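Understanding the architecture of this molecule
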Amino acid sequence: MIVRFGFVAMSLVVQNASPSRTQTYAGFSKLDDRDAAIRRLERLAEENLSNTLRILKHCRAHDIRMYRFSSKLIPLATHEALAGWDPFEALHAAFREVGDYAKKQDMRVSFHPDHFCVFSTPRPEVLANSIRDIVYHVRMLEAMGLDERSKNNIHMGGAYGDKETSAERFVRQFGELEDRLRHRITLENDDKTFNAKETLAAAETVQVPMVLDIHHHAVNPGDTGEEELTEGLWPRIAETWRKERERLGLSSEADLPPKIHASSPKHVSDPRGHADFVSAEPVVSFLRRAARTSAALDCMLEAKHKDAALFRLMEDLKELESRGEGVKVLDGGRVEISPF
DNA sequence: ACCTGTCAAGTCTGG
DNA sequence: CCAGACTTGACAGGT
């Protein structure tokens, strides 16, 4: 199985390259020239996009083929008070340049709208905000000129005291989204409410691919044991991706491999928190089992130290390779994992 | 230059 | 019923 690794949003290696510079609404409304204030937001967005491009070039230089964009590329993008503002016109060229570069380097890119995007919510205004947030993220992918292989990963949301009803509400409300939005979404198991089995059931029902977070699974496994995860759930998760490839007319698993997230617990007292780095052994242990089913897989690292954690993991993988642990570091940032 | 409280947004818990 | 925790990088205002 061929595995590629990626990291999230910012680089700890490239200096002064934040893709998430912003402005508070309090600061924005203090400026009395509204046009100038809006131009300032657009200037910040251009700076964020130009730093995003710098990070993509850094990825290319280090054979990193997977990256998650910051959701904060455009400051105050979905704020109520800026509802009439369309930043995409001014940012057209900047978005296109980022997208063109990602395509040229054949990078897998994505977004991860954060916890304000909740399709299980019983509150109509929260649902409306969630749709607005998804539209914002989809418009960014479209402005980059990226096809539907590039997606926005979300969680199902809260349980509100009744997880079953909540899951049904998720399926109903999510199902009402137009195809243009639905085809841009993946579903991920979370660390305290919807576990891997429940998330997979929902993903199968609404027909979107599922992203498996193996750290979330470790702290929120439900009744799913390790054996059932790799022998029972993983083949079904891989199948959600096969269906998506079929829908997109892609023939090879390498064209859109299943995706997982990996991170390590911050501390025994805070097992849900993300550690600075990622321990290689538990990840390799999962990958070797997944390799029974899959020929390709992409793994997003969610570590505090971002790309620095990725570089350290690659060094640790080389160490495992030298000990004959079923790992082989290839060129192009790819790692070959042998099944066991 | 550095430190600390705050930030647009949601949900859950505990008092 | 409401305040605070959760989580995160960066702003904003202070020294």
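Quick note: structure is the one above.
Now for the nonpolar core. With 93 residues, the main nonpolar core has F5, F95, L212, L287 and L317 as its most contacted residues. A total of nine residues in this core trace back to one element, the largest contributor, which is helix 2 (residues 34-61). Dropping the residues within four chain positions of it, L287 is found in contact with M1, V3, F5, I260, L297 and I337.

Before going further, it helps to spend a moment on the protein's contact with DNA strand C. Around DNA strand C, the surrounding shell holds 13 residues, and the nearest of these are S18, R21, T24, K30 and K304. Close to the protein, within 4 Å, the atoms of DNA strand C are drawn from sugar and phosphate at a rate of 100%. S18 places a polar side-chain atom, nitrogen or oxygen, 2.6 Å from a phosphate oxygen of DNA strand C. One of the side-chain N or O atoms of K30 is found 2.5 Å from a phosphate oxygen in DNA strand C.

A separate point is the side chain of N153. Topologically, N153 is positioned in strand 4 (residues 151-154). Taking the relative accessible area as the measure of exposure, N153 reaches 2% and is therefore buried. A polar contact is formed between the side chain of N153 and the side chain of T186, at a distance of 2.8 Å. For N153, the side chain forms a polar contact with the side chain of E188, separated by 2.6 Å. Among all residues touching N153, those that are not within four sequence positions of it are F111, H112, P113, T186, L187, E188, V211 and H261.

About the criteria used
Residue numbers restart at each chain and count upward from 1, following the sequence in its written direction. Chains and ligands are labelled sequentially in the order written, the chains with letters from A and the ligands with numbers from 1. Local features are withheld for residues below a pLDDT of 70 in this predicted model, meaning they are given only at 70 or higher, and side-chain atom pairs are given and counted only at 80 or more; totals for whole chains, interfaces and linings count all residues. With hydrogens and water excluded, all non-hydrogen atoms of the structure serve as input to the side-chain values. Side-chain atoms within 4.5 Å link the members of a nonpolar core, which is a set of buried Ala, Val, Leu, Ile, Met, Phe, Trp, Tyr and Cys residues. Relative accessibility decides the category of a residue: with a 1.4 Å probe and only protein chains considered, values under 20% of the type maximum give buried, values over 50% give exposed, and everything between is partly exposed. Helix and strand assignments come from DSSP, with helices taken as H or I runs of at least 4 residues and strands as E runs of at least 2, each series counted from the N terminus. Whether two residues are in contact is decided by their heavy atoms: any pair within 4.5 Å suffices. Nearness is defined per residue: one heavy atom within 4 Å of the molecule or strand is enough. Counting of polar contacts relies on pairs of N or O atoms within 3.5 Å, with two restrictions inside protein: one atom must be capable of donating a hydrogen and the other of accepting it, and residues adjacent in sequence are counted only when both atoms are side-chain atoms.

Note that every value here comes from positions in space, so none of it alone points to a role or purpose.
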